[in-house]
Structures are given as C-alpha cells and as structure tokens.
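Fold and contact review
What follows is each chain in one-letter form.
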Amino acid sequence: MVRSLGQKTTWSVDPELSPKPPCPARPTAAPAHGVVLEAELLRNHGRYVVTHAGTECQGGCGKAGDWRRAAEAAKSIEDVRRDECSQDSDGLSGPACPEDKRMLGVAFGIGVLLALVGSTAAHSCVAPYQLVSKMLQRLEESVKADELPNPSVLLAMNLVGATGTETNKWLLQQIQQEAVKRAQKDMTSGEVALYVLALLSSCQNPWHVHALGQTINLVQVLQEKTDEEMASLDLEGVPKTTLYSVSLDALALCLAEAGGYQGASVILAKKVLTLGSQLSVDTRAMAALAMACTYGQTDLYDVQELLQEALWVVTNGFLDEQEKEGGMIGNIYSMGLALQVLGATSNFYFPREWDCAQAFSVVYSHDYRQPMAIAQVLPALVGMSYLEAASLDCTASTGASPTLQPSLSPKPSTTTVPSEATITVHYSIINKLQGRHFSYTTSVRVPVGSTLLKVLQAAEAKRPDIFSFETEQTSWGPMVVSIHGLAANPDDKTYWKFLSGSDALQEGVGTYKPWNGEHIQAVFSLY
C-alpha cells in the first residue's frame, strides 16, 4: 500500500542551514564478514548494487531508505540463492537448498539487513543478527489469541522489517478490531496513540480504521483524548493520566500530521526544563521523541528554540547518566527508549559523541523476555526509532522473521520443577496513605522460579480476608490495581508500589521472580 499521509520533513537542527543534497554521505562501518561477497554476487547478477560508502540512494534517502534498500538487497540475495538451488546441487560445493533450510536464509537475511543498516546509521552500533532473531522470535511467541493485542509488538516488528509473517497480519487485524471496539470508550490517550503508531507503521490509515463492519477515525479520537489531557494540565498542572501518555499522544499526532501536537510538545519541553531528572527516563525519552518530531514539523522559530533547548537537556542528561552508571540509563527496562532517543537525535547533542558500544553492551548482558521491553529496545538495536513509524515502505517486506506461524495459543511449559523445590517469600501489604491504615505480613512457600504473581496468589489462598487482590492486564503484563479492597485511583494519583526491602522493583508481578527469603512489600503510594 502506498502511503498518502503527506511528505515527511527532513530532520535538521539549524533552520538557517541550506537544504541537504538528496543523498548525503554518511559515516560508514566495515560490513560484516561475507556481506561484500554477497554484494558482489548480486552485482554480477545485475540485480542490485550495494555501495558500502553509503553515498548511493536508490530507494530513497535517510534511515527509511537505508532499511528499504537493505530489505531489497536481502530479497535479491534470496532470489539469487533460489536460482542457484534450482540447479543440480550435486555439483555444488556448498549445501543444497531444500525448503526445510529456509531458516538459514532468514537468519542470513537479518544479518545482511543489520550489516547494511550499520553502514549507514547515525552511530556505529548495530546488534548481532542472532540477538535480533531471538528477540523477534520472543515477540512472535508473545502474541496469543486469548490476550489483547499489543500495538507496541506490531510497531517493533514493522520497524525491524518483520512485516511478511502470518503473526504480523493477524496482529494487525486484531488491533484494527480492538480500535473499533474500545478506542472511544475504554482506552486512555496513550493507548490510542500506540494504536495510531502501530497502524502508521503498517501503512494503514488511522483516520479511517475499518473492522467488524464499523469505521472509526482513530486520529480524531486521539485528538479528543489529548485535548482532555491538555485541559487537565491547564487547570490542575498535571495531565489526566501521565506525561508519558501525553508524550505518546504528541508523537502519534505529529507523525500522523494531525493538529494538537505542537501545543503538547511545548508543554512537554517546559516540563522537561523545569523538572529535569525528576521525570522518569521513560517519560523524558518519549517526550524527546515527540519534541524531535515537532521540531521537524514546526515553522515557528521560538518553538524550535524551546524544543532544541529541551532536547539538549534530555540527551545530555542521558549521556551524563550513562557515563556515571557504566552504560546504564535508568534501569534495564528504560534502556530501549533511551537508546532510541540517542540514536535518532544526535544533532541535538552534537558535537558531543555517544559511546553507543558501552550502552549496547549493557543491553547485551540482559536476557530480555518481557515483550514490552523487547518491543522498545529492539528498534534501537537496528538503528531505528519510533520517529520512523510513519515513513516505512510496506511494499518492501523482508519476511525477516524467525518463525513462520503465529503463536496464537498458550504453550505449555517444557520444563518441570520438582514439587519439593520451593522457596519461602515474606510478603507485606501496607497502607499509611488514606482511609483506614493497615499493615499485614505473611510468609508463603512457592515453587522455585515462581513469579511474584504466584506469591500474591499463595498469600490470598492462605488468608483471603487479608491478602485479596485484583489485577488488570496491560501491555507490560498484569498490573495489581487493588489489595485488601483498596484500589488504585488515577484521579488521586495512587497506586500499589512493590519493593524488595527498600528498593522499588523494576519488573511487574508477572515477570519478577523472588528469591528464597526475600521480603516483598506492597505499599499504597502516590505518583
């Protein structure tokens, strides 16, 4: 499908700079082993010319063009191999090419994509294709028919080029249906924004979403919900939901070229300059992406000046924190968005340089399994960001997905833990904030490897009158919304905060695994 949402603006910091040439030279990196041979092979077959100097721009310029050309190169390599496989394989020195070896081609395709993106990215860091393949597989396996679709998963798959699978198609269909059913009534502004971004990245028109015999203008819904956020900011100084959601709103509206994003970005810039590091890394990162988009779209110099200052503060703050913490920015789950920002906004912290190798090494050291965390970090690992969501070429599907069928049903665990292998976890619930105060503690035994959710369930089974709780399903997994009958309330800015000792947990109850003897506290808190 050809996009008809308008021409995208080329990013530039100095409004006085003359227009860039159509194909600017970019920093290059040595291609991965074997890529030159494949490029020469394609060159000899007359199918595609790969220039490692990064100065040719067949298929468009910028990162979207880079990715598109890489996709075409990978596809051409596959075509060449298919032609070769039609010959008598007995006379070949290499392996034969039966269909059951298609995964080897997929893996190589990912490797070519990463090598070519690495030669033209704004920084020199691109993840190994083995890691990208593993993360993509985990994303696909996270898609379940009995769970709500996660638009962040579809967005990430599209950004890394895994657009040709059945999982991708099924997920897009489910997102369209959920948008029609729930966007107007049940979704927050941030949720609607993620749906808009997912649709844009799939080359679908969010102004006209049709499913289940109904049609909805998702951009209009987002504008209305963003207006509610802005009204709350004007009256009370805080949004209806969170500044993170407002940032998502502004980014989605900007990429959709709709109204309402400039005012939101101006407020975000002022909040960043006022609150600085008091804001979470995730909030600052999403705000930076929104402000960078707005910077490229606005013609107002004073707005550009404000946004440039705020972006300088955010990006240099991330660089300072990375240097101080040995590569970490926030925590391991905030690294994804932070890396997206630093990879996409280098002009705003120039001439300072980003040690991307140090930051990437931190990511490599962690075994990401939470789908939402993977969805945020994966685009950054291949030199992409949410800023490219509306400029992808959906006609150049790479098919670079590690699986061929969607994981549309729950899969039983393949590992078993002996029943005697258990741990003891101490669990407390505390409310000293509102209403009748309480503090209760219990100890439960759960199997080794159990999540915190299992601990809560064991405590409830032991004392249902004390440790009852309720959860809601979110894109980050189950979220505890009520304990002992006391419910979190967005109007009061209250929530249940989980701690290990005095340290806040960095994972949700559905993924965090307590250790033997650990003391977990659930404390009713303000945000």
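Residues numbered from 1 in each chain as written. Predicted model: local features only at pLDDT ≥ 70, side-chain atom pairs only at ≥ 80, totals over all residues. Heavy atoms only, no water.

**Concerning the overall build of the protein chain**
Scanning the protein chain from terminus to terminus reveals 16 helices and 10 strands. By residue count, 50% of the 527 residues in the protein chain fall in the buried class. Long-range pairs, those at least 24 residues apart, make up 70% of the contacts in the protein chain with a sequence separation of at least 6. As displayed, the protein chain has an accessible area near 24300 Å², and 52% of this comes from carbon and sulfur atoms. (Helix = DSSP H or I, 4+ residues; strand = E, 2+ residues; numbered from the N terminus. Buried < 20%, exposed > 50% of the residue type's maximum accessible area, 1.4 Å probe, protein only. Contact = heavy atoms within 4.5 Å. Areas by Shrake-Rupley, 256 points an atom, 1.4 Å probe, with all protein chains shown as cover.)

**Things to note about the packing of helix α14 (residues 356-364) against helix α15 (residues 371-381)**
At their nearest, the axes of α14 and α15 sit 12 Å apart, and the two run at 140° to each other. Taken together, the axes of α14 and α15 lie oblique to each other. Considering only the axes of α14 and α15, their crossing is left-handed. Mapping the contact onto sequence places F360, V363 and Y364 in α14 and V377, A380 and L381 in α15. Within the contact of α14 with α15, the residues separate by chemical class into six nonpolar, no polar and no charged. (Axes fitted to C-alpha atoms, helices over the stretch in contact; angles between N-to-C directions. Parallel < 35°, antiparallel > 145°, perpendicular 65-115°, else oblique. Left-handed = near helix turned anticlockwise from the far one by under 90°. Nonpolar A, V, L, I, M, F, W, Y, C, P; charged D, E, K, R; others polar.)

**Section: the pattern of salt bridges**
Under the definition given, this model contains 10 salt bridges. Close ionic contact of K181 with E178 constitutes a salt bridge, the shortest N to O distance being 3.2 Å. Taken together, the residues K181 and E178, both in helix α6 (residues 166-182) and three residues apart, mark about one turn of the helix. Residue E178 is classed as buried on the basis of its relative accessible area of 8%. Ionic pairing is found between E323 and R352, a salt bridge with its closest N-O pair at 3.2 Å. Of the two residues, E323 sits in helix α12 (residues 301-324) while R352 sits in the loop between α13 (335-344) and α14, which places them 29 residues apart along the sequence. Under the relative-accessibility criterion, E323 is labelled exposed at 54%. The network of salt bridges with shared partners includes K134, R138, D367 and R369. (Salt bridge = Lys/Arg side-chain N within 4 Å of Asp/Glu carboxyl O.)

**Some thoughts on the packing of aromatic side chains**
Summed over the entire model, instances satisfying the criterion amount to nine aromatic pairs. Ring centres of W354 and F360 lie 6.3 Å apart, and the angle between their planes is 65°; this geometry places the pair in the edge-to-face category. The exposure class assigned to W354 is buried, which follows from its relative accessible area of 11%. Taken together, F438, Y440, W496 and F524 form an aromatic cluster joined through their ring pairs. (Phe/Tyr/Trp six-rings, centres within 6.5 Å; stacked < 30°, edge-to-face > 60°.)

**Focus on the pairing of strand β6 (residues 477-483)**
Most of β6 is tucked away: five of the seven residues are buried. Of the pairings in the sheet, the one linking β6 to strand β7 (residues 486-487) comprises two bridges and is antiparallel in character. Following the sheet pairing, S482 is matched in β7 by A487. Counted between consecutive antiparallel strands, the loop separating β6 from β7 contains two residues, among which H484 sits at a positive phi close to 55°. (Pairing = 2+ DSSP bridges.)

**What about helix α7 (residues 189-201)?**
The terminal C-alpha atoms of α7 lie 18 Å apart, and with 13 residues this matches the ideal 18 Å at 1.5 Å per residue to within 8%. Summarising burial for α7: 12 of the 13 residues are buried, a large majority. On the buried face of α7, the contacting elements are α5 (151-159), α6, β1 (209-211), α8 (218-236), α9 (243-255) and α15. (Expected span 1.5 Å × (residues − 1).)

**Examining unusual backbone geometry**
Along the chain, F350 connects to P351 via a cis peptide bond; the corresponding omega equals 10°. Its identity as a non-glycine residue notwithstanding, H484 has a phi of 55°, on the positive side. Looking at the element boundaries, H484 is found in the loop between β6 and β7.

**Concerning α5**
α5 sits mainly inside the fold: nine of its nine residues count as buried. Within α5 the residues assigned to the buried category are P151, S152, V153, L154, L155, A156, M157, N158 and L159. Just beyond α5, the residue with positive phi is G161, at close to 95°.

**Details of the state of the cysteines**
On inspection of all chains with the given rule, the structure shows two disulfides. Across the disulfide from C125 sits C356; the S-S distance is 2.1 Å. Where C125 bonds to C356 through sulfur, the torsion about that S-S bond is close to 75°, and the disulfide is right-handed. Remark: C356 occurs in helix α14 and C125 occurs in the loop between α3 (102-120) and α4 (129-141); sequence separation between them is 231 residues. The buried category is assigned to C125, whose relative accessible area is 8%. Residue C356 is classed as buried on the basis of its relative accessible area of 5%. (Disulfide = S-S within 2.5 Å.)

Read these as geometric descriptors, not functional statements.
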